[in-house]
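# Survey of secondary and tertiary structure
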Amino acid sequence: MLIGEVVGSVVSTRKDEQLESFKLLVVQVRDHANKPKEQYVVAVDAVGAGPGDVVLYASGSSARQTTITKDKPCDAVVMAIVDSWDVDGENVYEKWS
Amino acid sequence: MLIGEVVGSVVSTRKDEQLESFKLLVVQVRDHANKPKEQYVVAVDAVGAGPGDVVLYASGSSARQTTITKDKPCDAVVMAIVDSWDVDGENVYEKWS
Amino acid sequence: MLIGEVVGSVVSTRKDEQLESFKLLVVQVRDHANKPKEQYVVAVDAVGAGPGDVVLYASGSSARQTTITKDKPCDAVVMAIVDSWDVDGENVYEKWS
Amino acid sequence: MLIGEVVGSVVSTRKDEQLESFKLLVVQVRDHANKPKEQYVVAVDAVGAGPGDVVLYASGSSARQTTITKDKPCDAVVMAIVDSWDVDGENVYEKWS
Amino acid sequence: MLIGEVVGSVVSTRKDEQLESFKLLVVQVRDHANKPKEQYVVAVDAVGAGPGDVVLYASGSSARQTTITKDKPCDAVVMAIVDSWDVDGENVYEKWS
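Fair warning: this is a prediction, and the values are worked out from it, not measured in the lab. Numbering of residues starts from 1 in every chain and runs along the sequence as written. Just so you know, chain letters begin at A and ligand numbers begin at 1, following the order they were written in. Whole-chain, interface and lining totals are the exception, using all residues; otherwise, since this is a predicted model, local features are given only for residues with pLDDT of at least 70 and side-chain atom pairs are given and counted only at 80 or more. Values shown for side chains rest on all heavy atoms present in the structure; no hydrogens or waters enter the calculation.

## Some thoughts on the pattern of salt bridges
All names here are of chain B. Salt bridge, as applied in this entry: a Lys or Arg side-chain nitrogen positioned within 4 Å of an Asp or Glu carboxyl oxygen. This model, assessed by the stated rule, comprises eleven salt bridges over all chains. With its nearest N and O atoms 3.3 Å apart, the salt bridge here joins Lys 23 to Asp 45. Residue Lys 23 is found in the loop between β2 (14-15) and β3 (24-30), and its partner Asp 45 is found in strand β4 (residues 36-45); the two are separated by 22 residues along the sequence. Each helix is a run of H or I in the DSSP string that is no shorter than four residues. Each strand is a run of E no shorter than two, and both are numbered from the N terminus.

The structure is reproduced here in structure tokens:
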């Protein structure tokens, strides 16, 4: 998985019928020091994430293992909202600070 | 998924028999600010997309989860036409503007 | 899928028994303007491609969806020979020209 | 697989229900000479790894082949703790030295 | 598949039980002109390869299609030892020369 921040969302009316009810999030990837990278992904929301949330997303076939994405043409899913993480014993990110 | 623009199409008469009826689109990847990247992919069309359309495409095994691509040797599929998206509360792209 | 040119082939006598009859092609990737890239892949031939042919190849699990590669330890397959493609309304490549 | 060092962990209370009991490790990738790279991944722990351990992790669908990750939305798993490795006949890393 | 040279091996005693009997090879990737790249992978050996052998390896789910790697948490497998390959009609590598 990679860490990213939800920075926006995508609207689409004409799409594969299996995607009807999905919320499509624009996620900007963060590095392990919480610095934004130039990399982004559009991921299906499986946990009720919103703008500003720092999240974990899974890619590839693993993105189809949540209840809502099973057998769907979806290659990225937000499957956790991050509370905090640490690197080398230092707190890097804290949601509630 | 990634966002891209349909910039062309590929013609092939000699191909795996399972690909007979596919429309093969050349999709140039856009970044989250809608700037074209030097990256492209050839994707099967699952939603009736055409030149100039901004689309979402899925890669890998997820590309085989639409009705038309099931069990086909296809690793990229256009599964949505994008109407609009926003980043940091700003509208980045609007189809009908 | 990506576009590439068949530039060579690989010979191997000691290999997994499931690969016995495969033709292994060295494919150099082309960008969407038909310029060769520094990227290559070794792909199984599923369409009778040969040196100089411009082809489409599929990667990952999708490479196991042709009749000959089913359930084989193969992660790239040439599944179409390209006749032509266009970008922005201009013909980029034409096999018979 | 790639080699990496466990440099931290991620805490998340709101996540896909299938991930409830997972330990999520921040793994910084090492190159084959044991030099840290700017690349990281968040991986599920399948072997009881902790901070400072040098490990092997598997990505993609292969990350769902351990007992604890089966059918879970997880695309990276730590599946071995490295004791040592050598390159060109020289010992590069030794856990107990 | 990509071409690489076996440059070393990894020792691990604490690992997922499904990996017990695997030989783990450090493979340095070669480009199509046989020049070593800064990229490496740790791959399971399925053909009896050893140090100095130039090999083909498959990645992702395809790495689980050999008899010994079936259903194992393994994302790269050495599935062929290369005898020779050619590019643009020139012999690039010859094992027995």
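## So, the relation of the copies chain A and chain D
For this overlay, a least-squares fit was computed on C-alpha atoms, restricted to residues scoring pLDDT of at least 70 in both copies. Superposing chain A onto chain D requires a rotation of 72° together with a translation of 0.0 Å along the rotation axis, leaving an RMSD of 0.0 Å. Such a turn and shift between the copies fits a five-fold axis. Contacts: residue pairs with any heavy atoms within 4.5 Å of one another. In this assembly the copies use different faces: only 4% of the residues contributing to the interface of chain A also contribute to that of chain D.

## Examining the interface of chain D and chain E
It is common to report an interface's size as the accessible area lost on association of the parts. At the junction of the two partners, chain D supplies 27 residues and chain E supplies 30 residues. The three residues of chain D that bury the most area against chain E are D:Met1, D:His32 and D:Gln65, which together make up 30% of that side's buried surface. Linking chain D with chain E are zero salt bridges. Polar contact is defined as a pair of N or O atoms within 3.5 Å, subject to the rule that within protein one atom must be able to donate a hydrogen and the other to accept it, and that residues adjacent in sequence are counted only when both atoms are side-chain atoms. The interface formed by chain D and chain E holds 19 residue pairs in polar contact (both at pLDDT 80 or more) in total. Those elements giving two or more residues to the side of chain D that touches chain E turn out to be β1 (2-11), β5 (54-59), β6 (76-81) and β7 (84-87) of chain D. Take the accessible area each of two parts loses on contact, using a 1.4 Å probe, and add the two losses: that sum is the buried area.

## So, the interface of chain A and chain D
At the interface, 27 residues of chain A touch 30 residues of chain D. The three residues of chain A that bury the most area against chain D are A:Met1, A:His32 and A:Gln65, which together make up 30% of that side's buried surface. The tally of links between chain A and chain D comes to zero salt bridges. Counting across the interface, chain A meets chain D through 19 residue pairs in polar contact (both at pLDDT 80 or more). In the side of chain A that touches chain D, the residues fall into 13 nonpolar, nine polar and five charged. Any two strands between which DSSP finds at least two bridges are classified as paired. Here strand β6 (residues 76-81) of chain A pairs with strand β2 (residues 14-15) of chain D via two bridges, running antiparallel. Its bridge partner being in β2(D), A:Ile81 is matched across the sheet by D:Arg14. The classification used treats Ala, Val, Leu, Ile, Met, Phe, Trp, Tyr, Cys and Pro as nonpolar, Asp, Glu, Lys and Arg as charged, and all other residues, Gly among them, as polar.

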